Amino acid sequence: MTGTRSARAASVSGGLASIVSGSVAGQGVVIVGYPLLTRLYDPSEFGLLTVFTSIVGILAVLSTASLETAIPIPGEDREATAVAWAGIGFVGLTALGTGALGWVVAAPLGRLLGVPALAGFWWLVPLTVLALGIYQLLSDWMVRERSYRALGRRNLFQGVGQVATQAALGCVGAGAGGLLLGLGAGRLCAMGGLLSQRGLLRQPWPGLAPVRAAVRRFRRFPLLAAPSTLLNSAGLDVPMLLISAVYGDARAGLLGLTVRVVGTPSAIIGQAAYQVFTGESGARLRHANGQLGASVRGAALRLCAVGLLPAAVLVAAGPQLFGLVFGQRWVEAGDYARLLAVAYLAQFVVTPVGSTLALLERQGQQLGWAALRLTLTAGCPLVCGIVHAPIETAVAGLCCAHVLSYLLLYAMCVRAADASDRTDRVRPG
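Residues numbered from 1 in each chain as written. Predicted model: local features only at pLDDT ≥ 70, side-chain atom pairs only at ≥ 80, totals over all residues. Heavy atoms only, no water.

Chemist: Just to check I follow, could you spell out the nonpolar core for this structure?
Modeler: Nonpolar side chains tend toward joint burial in soluble globular proteins. By size, the foremost hydrophobic cluster in this structure holds 78 residues, and its most contacted members are Tyr34, Phe46, Phe52, Ile55, Leu257 and Phe322. The element contributing the most residues to this core is helix α11 (residues 331-350), with twelve residues. Discounting residues that sit within four places of it in the chain, Phe46 has contacts with Tyr34, Leu37, Thr38, Tyr41, Leu179, Gly253, Leu257 and Trp330. (Core = buried A, V, L, I, M, F, W, Y, C linked by side-chain atoms within 4.5 Å. Buried < 20%, exposed > 50% of the residue type's maximum accessible area, 1.4 Å probe, protein only. Helix = DSSP H or I, 4+ residues; strand = E, 2+ residues; numbered from the N terminus. Contact = heavy atoms within 4.5 Å.)

This is the structure we're talking about:
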């Protein structure tokens, strides 16, 4: 038994290392590229990127109907394949609808959000939503297969594709379009999980009847998890849209750079930890070993130990670091990084274990939490804009809202995991 546990722990550690190494290499290219990109593009162009990223991020999350989170659950690969193809169908329909909607909403929405140039780039929105949606589904397919090395390579290709596109187009004077094209190009370079040895396209086509059956079986994901995931994404993206609308595209660009530079390293390890935690916790649930609560607590504790030092550095020297690396016109972004450091630490610690509620099919709780988080994170910048408070106050309020919401999510995950463990221990063998 001890040998089995040691082997399992080594496999988990190796999986995490594989994903992190590929992610560090790929996103390291992105981070190293930012000092060049901040000299090729100005804050207002980064502001358009911030708004564009928020819009396509919300739509991409909605596009999968949250079926990607159901992929690790089925015991049979055939049923999991049906779930994945159902998700791809939803993504395609969402992309088509988004393109048609642009004829009506693109111009007024761009003016409302302080980025009128958005209307001219709306044709990129459905294409990017399609790339992001399929990317999400393939990620969870690879998590199900525990293809951790392939995930690491895929993350490398994403980073290289994104920064190469943005830098090349910036050098030829493409303007904001170069930043927007890079977002989708990076995902297209990272379509792992399709043609690999156990990739989705190597699986037998399940047929329409099993696809419909899979949608019925996992209907709680589109009906409850999808709204929850949408609200969860909106809790991160809507504040950015509000800040652009209230404080202008240049301020949104400065804050957007902060989110990318600070959030990217956090996301590298956090996403890897999420993928491994989801894969291993899915296996624990299938085998009912009663160890999910310990896994949640242990993962959060390890992530907190990793994230404390970077957060402290941002608080101590954020403006100086941003001015040195990105140029003096980006010093204000360092002030925002200092204000948001604790919020990013909370997100880094809790988000990876947040999949606990989805794995336990507690979509109602997910939905309630996401609605509360959106209320808090959108309410702070909105109120600050109404009373004409300075942007620093809005960012500080946003930090407090995130910290409170993530503490609540962690408590909910621990409680749900402990309840599941108690059920497993009393279940007949």
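Chemist: What is the right way to read the environment of Thr69 from this model?
Modeler: Structurally, Thr69 can be placed in the loop between α2 (43-63) and α3 (77-112). Sequence separation between Thr69 and Gln136 is 67 residues, and the spatial gap between their C-alpha atoms is 9.3 Å. Residue contacts for Thr69: discarding those within four places in its chain leaves Asp140, Phe221, Tyr274 and Ala358. Among the polar contacts made by the side chain of Thr69, one reaches the main-chain carbonyl oxygen of Ser66 at a distance of 2.7 Å. (Polar contact = N/O pair within 3.5 Å; in protein donor to acceptor, adjacent residues only side chain to side chain.)

Chemist: Looking at this structure, how should I read the environment of Asp335?
Modeler: Positionally, Asp335 belongs in helix α11. Overall, Asp335 belongs to the partly exposed group, its relative accessible area being 30%. Spatially, the C-alpha atom of Asp335 lies 9.5 Å from that of Leu255, the residues being 80 residues apart in sequence.

Chemist: What is the right way to look at the packing of aromatic side chains in this model?
Modeler: Pairs of aromatic rings are described using the distance from one ring centre to the other and the angle between the two planes. Under the definition given, this model contains six aromatic pairs. Each ring, one from Trp85 and one from Trp205, has its centre 5.7 Å from the other, and the planes form 80°; the classification is edge-to-face. Placement of Trp85 in helix α3 and of Trp205 in the loop between α6 (176-188) and α7 (208-217) is noted, with a sequence separation of 120 residues between them. You can call Trp85 partly exposed: its relative accessible area is 24%. When the centroid spacing of 5.8 Å and the interplanar angle of 65° are considered together, the rings of Phe218 and Phe221 count as edge-to-face. Accessibility expressed as a relative area gives 1% for Phe218, which makes it buried. (Phe/Tyr/Trp six-rings, centres within 6.5 Å; stacked < 30°, edge-to-face > 60°.)

Chemist: What am I meant to see in the pattern of salt bridges here?
Modeler: Where charged atoms from two side chains of opposite charge come close, those side chains can pair. With the rule as written, the count across this model stands at two salt bridges. Notably, a salt bridge pairs Arg251 with Glu332, separated by 2.8 Å at the nearest N-O pair. Of this pair, Arg251 sits in helix α9 (residues 249-287) while Glu332 sits in helix α11; the two residues are 81 residues apart in sequence, bridging distant segments of the chain. Take Arg251: its relative accessible area is 30%, and that puts it in the partly exposed class. With relative accessibility at 22%, the residue Glu332 sits in the partly exposed group. (Salt bridge = Lys/Arg side-chain N within 4 Å of Asp/Glu carboxyl O.)

Chemist: Can you help me understand the packing of helix α4 (residues 124-144) against α6 in this one?
Modeler: For any two helices packed against each other, the geometry is given by the interaxial angle and the distance between the axes. At a closest axis distance of 9 Å, the pairing of α4 and α6 adopts a crossing angle of 30°. Taken together, the axes of α4 and α6 lie roughly parallel to each other. As for the relative orientation of α4 and α6, their crossing is left-handed in sense. Where α4 abuts α6, its residues Leu124, Thr128, Ala131, Leu132 and Tyr135 lie against Leu180, Leu181, Leu183, Gly184, Arg187 and Leu188. (Axes fitted to C-alpha atoms, helices over the stretch in contact; angles between N-to-C directions. Parallel < 35°, antiparallel > 145°, perpendicular 65-115°, else oblique. Left-handed = near helix turned anticlockwise from the far one by under 90°.)

Chemist: I keep staring at unusual backbone geometry and nothing clicks. Help me out?
Modeler: A negative phi holds for most residues other than glycine; trans holds for most peptide bonds. In this structure, Ser66 takes a positive phi of about 60° despite not being glycine. Residue position: Ser66 is located in the loop between α2 and α3.

Chemist: Hey, could you run me through the state of the cysteines in this one?
Modeler: Applying the stated criterion to the full structure yields zero disulfides. In this model Cys380 remains outside any disulfide bridge; the closest cysteine sulfur is found in Cys384, 6.5 Å from its own. (Disulfide = S-S within 2.5 Å.)

Chemist: Any chance you could explain helix α8 (residues 220-247) here in plain terms?
Modeler: An α-helical turn contains 3.6 residues, so a residue and the one three or four places further along point in the same direction. In this model α8 runs 39 Å from its N-terminal to its C-terminal C-alpha over 28 residues, within 8% of the 40 Å that 1.5 Å per residue would give. In α8, a bend of some 40° at Gly235 exceeds every other bend along the element, and Pro239, a proline, comes one to four places later. One or two positions beyond α8, positive phi appears at Gly248, with a value near 100°. (Expected span 1.5 Å × (residues − 1). Bend = angle between axes of the 7 residues up to and from the residue.)

Chemist: Please clarify how the side chain of Arg260 should be interpreted in this entry.
Modeler: Looking at the secondary structure, you find Arg260 in helix α9. Among buried charged residues, Arg260 stands out as having no salt bridge; its nearest opposite-charge side chain is Asp237, 8.2 Å away. Discounting residues that sit within four places of it in the chain, Arg260 has contacts with Tyr34, Leu49, Thr50, Thr53 and Pro265. (Lys, Arg positive; Asp, Glu negative; His and termini not counted.)

Chemist: Can you help me understand the layout of surface pockets in this one?
Modeler: Each pocket or cavity is described by its volume, and for the second largest pocket that value is around 510 Å³. Considering the residues around the second largest pocket, the lining is formed by 21 residues, among which Val261, Val262, Pro265, Pro310 and Leu314 are closest to the centre. Among the elements of the structure, α1 (2-40), α9, α10 (292-326) and α11 are those that each provide at least two residues to the lining of the second largest pocket. The element that contributes the greatest number of residues to the lining of the second largest pocket is α10, accounting for ten residues. (1 Å grid on protein atoms, 1.4 Å probe; cavity = no way out; pocket = protein on both sides within 12 Å on 5 of 7 lines; lining within 4 Å. Points joined across faces, edges and corners; volume = space filled by probe spheres on them.)

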